[in-house]
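# Breakdown of the fold
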Amino acid sequence: MRYAALRTLIAIILGIVLAEQLRVPIILLIVGIGISIATERLTKGYTLYVAIVFASMLNHNIKRPLPIEPLHNKPLKFVGLIIDEPVAKERIPRYTIELKRVIIGEKSYSIHGKVFAYLGREKIKLRYGDLIAYQGKIEPFNFPNNPNLFNLNKFYFQQGILGRIKFSKGNINIIGHNQGNLIAQYLIFPLRRYFFQVINRYLNGPARALYAGILLGEKQDLPKNLMLAFANTGLTHILAVSGLNVGILVGTCILLFSVVRLYRGRWYTLIVLGLIVFFYVGVTGFAPSAVRAGLMAFLASLGFYLERKVEPLQGVLIAGIIILLLSTSALFEIGFQLSFAATIALILFVPKIYKLLCKFTTLAVIRKYLFAPLSVVIAAQLGVGPLLIYYFFKLSIITILANLLVVPLVGFATPLAFVVALFHLFAPFLAKILAETLWLTLSSILFVTEKLGSLSFSSVDLAKPSMVLIIILYTLIFMLLYLNRPLVRKVFIL
C-alpha cells in the first residue's frame, strides 16, 4: 500500500497524543484493536491504521509513569537503579535513577519512572548498574505560576522523569552492584568512560564541553552564556548527535575496511558496521537523534548489501516508527522533534531550493560551492525554525551566515575527534598532536559563535506561539515550495 510507512507513523503519533489527552480504559482499547482488525477487509485495510492508533495508545499508557505530585517534598524511601553516569566536570554532576519501588511508612509500592539525582559537595562513587536505597524527598523541577513560563515538570514528566533529588552520604545506601543491562554494563559504559577519559586528558574548559556536545550530545558542562550564543545564532543543532556524526563514522569505517580488506557488500562487513554504529549510539545514551541517524545508516548499508535502493524518506519514517514503538516518550523530546524535522526538510526541500537558486547563475563554481551548501542550510532552518520559535521563543536573524561559517568547522572537528580517540589507544603522542588541531578547531567554533551571538541584531525575542500556529507555519512552508502544483497553489492562496 502506497505511503504505508507515513500512515503508520502518523497513526502511532496520533495514538500517543490522544493517550496524553484522554484516559481510555485498557479494556476498551483492546476491544477497539480487535474490532478494527476484524473489519480490515471491509475497509480495504484502512481500519488497520485505526488499530495502530489504539495499540499506540495502549503502548503509551503501559509505559507512562503515574504522576507523583502528592509525594513531592514529603519524606519517603525508594529503591532505584543507576542507569546513567554524570559527565559534567565544571558543573554539578547528575545521575539518572530508574525507580523500582517506593516505601511510605510501613508499606512498599511498585513505581515506574525516573528521577535526576544531583551530588552535593561530598564525593560519592557510583556506577551504572548500582542498586541504591535513598531516604529523603523528591522535589519538583520548578513552580511556573505564569502560564507563559516553560513548565519543566510537565516537560520532564512526558519523558518519564518524575522529579529530582540531592545525594549525600547520609541519605543513600548501595545495596547491589552490576544490576543493569549486561551489554551496557560491560561494553557501552566502559566505552563511554573511555571517550570522556580522552576528553579530560587532552581538552579542558569550553573546548572540552563543546567536544562532548558535538561528539556525544552532552551539553551539561557548557556555560549558560555559550548556550545562549548557540541559541541566538541557530546553532544549537550541532550539539546533538545527528546524521553528520553517524555519516562521518560510517565513512571512516568504510575507509578502514578497505585498508584491512573487509570488503563492502559482504555480510560480515554489514554486521561489523552495524555493531560499531550500535555502540556509538549507545555511548550517546541512545538519544533519539542518534538512534534515528543510526537506523538510517544501517538501513542504507543493508540496502547496499542486498542491492536494493532505500528511499531516504522511507528510512526516516521507518526509524521514527521503531523509536516510538520502543519509547513513546521520545515524541515529546526536543531532540527527537528537531532531528526528524531537519532530516525530512533536507530530503524534501534541498532539491527545490537548489533549483530555485540555480536560476540566478549558470556558473558551476557558484552552484557547487555556494548554492549547494546554502540550499542545505536554508532547508534545515526551514525544518527546525518553527520548533525553535515554539520552544525557545527566539528567531535567529543570522542563522544562515552562522551555519555557513560553523558547520564546515564541525564537519572537520567530528572526524578529528574520532581519530584522536582512536589514536589514544596505541599512539598517545600522535593523539596529543592531533588534539592540538582539534582544540584550535573547537576554539574557532566557539569564537565565531560567541561573536555572532553577541550582536544586538543576532536574534529577535518572540512571544510563545501556539502549536496550531506552528502547524500552520509548517504547512505554508511546504506549500510554498510546491507551488508548481495547481491544487497546492490554490490552497496556499486560500
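Here is a short report on the structure shown in this document. Not measured: the values here are computed from a predicted model. (Residues numbered from 1 in each chain as written. Predicted model: local features only at pLDDT ≥ 70, side-chain atom pairs only at ≥ 80, totals over all residues. Heavy atoms only, no water.)

This brings us to the side chain of Glu 20. For Glu 20, the position within the fold is in helix H1 (residues 4-21). Residue Glu 20 is classed as buried on the basis of its relative accessible area, which comes to 19%. A distance of 2.8 Å separates polar atoms of two side chains, one belonging to Glu 20 and the other to His 60. Look past the residues within four positions of Glu 20 in its chain and what remains in contact with it is His 60, Arg 64, Gln 158 and Phe 332. (Helix = DSSP H or I, 4+ residues; strand = E, 2+ residues; numbered from the N terminus. Buried < 20%, exposed > 50% of the residue type's maximum accessible area, 1.4 Å probe, protein only. Polar contact = N/O pair within 3.5 Å; in protein donor to acceptor, adjacent residues only side chain to side chain. Contact = heavy atoms within 4.5 Å.)

This next bit is on the environment of Ala 55. Here Ala 55 lies in helix H3 (residues 47-63). For Ala 55, a relative accessible area of 32% translates into the label partly exposed. Sequence separation between Ala 55 and Ile 16 is 39 residues; the distance between their C-alpha atoms is 9.4 Å.

This paragraph deals with the nonpolar core. Counting 73 residues, the largest nonpolar core has Tyr 211, Leu 438 and Leu 442 as its most contacted members. If near-sequence neighbours (up to four positions away) are discounted, Leu 438 is found in contact with Leu 203, Tyr 211, Ala 413, Leu 416, Ala 417 and Val 420. Within the second largest apolar cluster, 21 residues are counted, among which are Ile 68, Ile 111, Ile 165 and Phe 167. (Core = buried A, V, L, I, M, F, W, Y, C linked by side-chain atoms within 4.5 Å.)

It is worth spelling out the pairing of strand S2 (residues 94-104) at this point. As judged from the seven bridges shared by strand S1 (residues 76-84) and S2, these two strands associate in the antiparallel manner. Of the residues in S2, the one forming a bridge with Leu 81 is Glu 98. Where S2 and strand S4 (residues 114-119) come together, five bridges link them in antiparallel fashion. Bridge pairing links Ile 97 to Val 115 in S4. (Pairing = 2+ DSSP bridges.)

Right, let's get into the packing of helix H2 (residues 26-38) against H3. Where H2 meets H3, the axes come as close as 8 Å, and the angle between the chain directions of the two elements is 160 degrees. With respect to H3, the axis of H2 lies roughly antiparallel. Classified by chirality, the crossing of H3 by H2 is left-handed. Of H3, the residues touching H2 (which contributes Ile 26, Leu 29, Ile 30, Gly 32, Ile 33, Ser 36 and Ile 37) are Thr 47, Leu 48, Val 50, Ala 51, Phe 54, Ala 55, Met 57, Leu 58 and Asn 61. Looking at the contact of H2 with H3 residue by residue, the classes come out as twelve nonpolar, four polar and no charged. (Axes fitted to C-alpha atoms, helices over the stretch in contact; angles between N-to-C directions. Parallel < 35°, antiparallel > 145°, perpendicular 65-115°, else oblique. Left-handed = near helix turned anticlockwise from the far one by under 90°. Nonpolar A, V, L, I, M, F, W, Y, C, P; charged D, E, K, R; others polar.)

Take H3 next. At 3.6 residues per turn, the α-helix brings residues three or four places apart onto the same side. The terminal C-alpha atoms of H3 lie 24 Å apart, and with 17 residues this matches the ideal 24 Å at 1.5 Å per residue to within 8%. Listed in full, the buried residues belonging to H3 are Thr 47, Tyr 49, Ala 51, Val 53, Ser 56, Met 57, Leu 58, Asn 59, His 60 and Asn 61. On its buried side, H3 packs onto H1, H2 and helix H11 (312-326). (Expected span 1.5 Å × (residues − 1).)

In this section: the pattern of salt bridges. Enumeration over the complete set of coordinates arrives at five salt bridges. The shortest N-O distance in the salt bridge between Glu 139 and Arg 164 comes to 3.9 Å. Of the two residues, Glu 139 is situated in the loop between strand S5 (131-136) and helix H4 (152-157) and Arg 164 in strand S6 (residues 161-167); the sequence distance between them amounts to 25 residues. Here Glu 139 falls in the partly exposed class, since its relative accessible area comes to 24%. Residue class for Arg 164 comes out partly exposed when judged on its relative accessible area of 30%. Where Asp 461 meets Lys 394, a salt bridge forms, and the shortest distance between an N and an O atom there is 2.9 Å. Here Lys 394 lies in strand S8 (residues 394-396) and Asp 461 lies in strand S9 (residues 459-461), a separation of 67 residues in the sequence. Judged by its relative accessible area of 17%, Lys 394 falls in the buried class. (Salt bridge = Lys/Arg side-chain N within 4 Å of Asp/Glu carboxyl O.)

This part takes up the packing of aromatic side chains. In total, this model carries 13 aromatic pairs according to the counting rule given. With a centroid separation of 6.0 Å and 75 degrees between ring planes, the pair formed by Phe 116 and Phe 141 is classed as edge-to-face. Of this pair, Phe 116 sits in strand S4 while Phe 141 sits in the loop between S5 and H4, and the two are 25 residues apart along the sequence. Comparing Phe 116 with Phe 141, the two get one shared label, buried. Each ring, one from Phe 423 and one from Phe 426, has its centre 5.5 Å from the other, and the planes form 50 degrees; the classification is tilted. You can see Phe 423 and its partner Phe 426 sitting in helix H14 (residues 399-426), three residues apart, about one turn around the helix. Its relative accessible area of 58% is what places Phe 426 among the exposed residues. Over the ring of Phe 116 we find Arg 94, and its NZ or CZ is 3.9 Å from the ring centre. (Phe/Tyr/Trp six-rings, centres within 6.5 Å; stacked < 30°, edge-to-face > 60°. Lys NZ or Arg CZ within 6 Å of the ring centre and 35° of its normal.)

These figures come from the coordinates and say nothing about function on their own.
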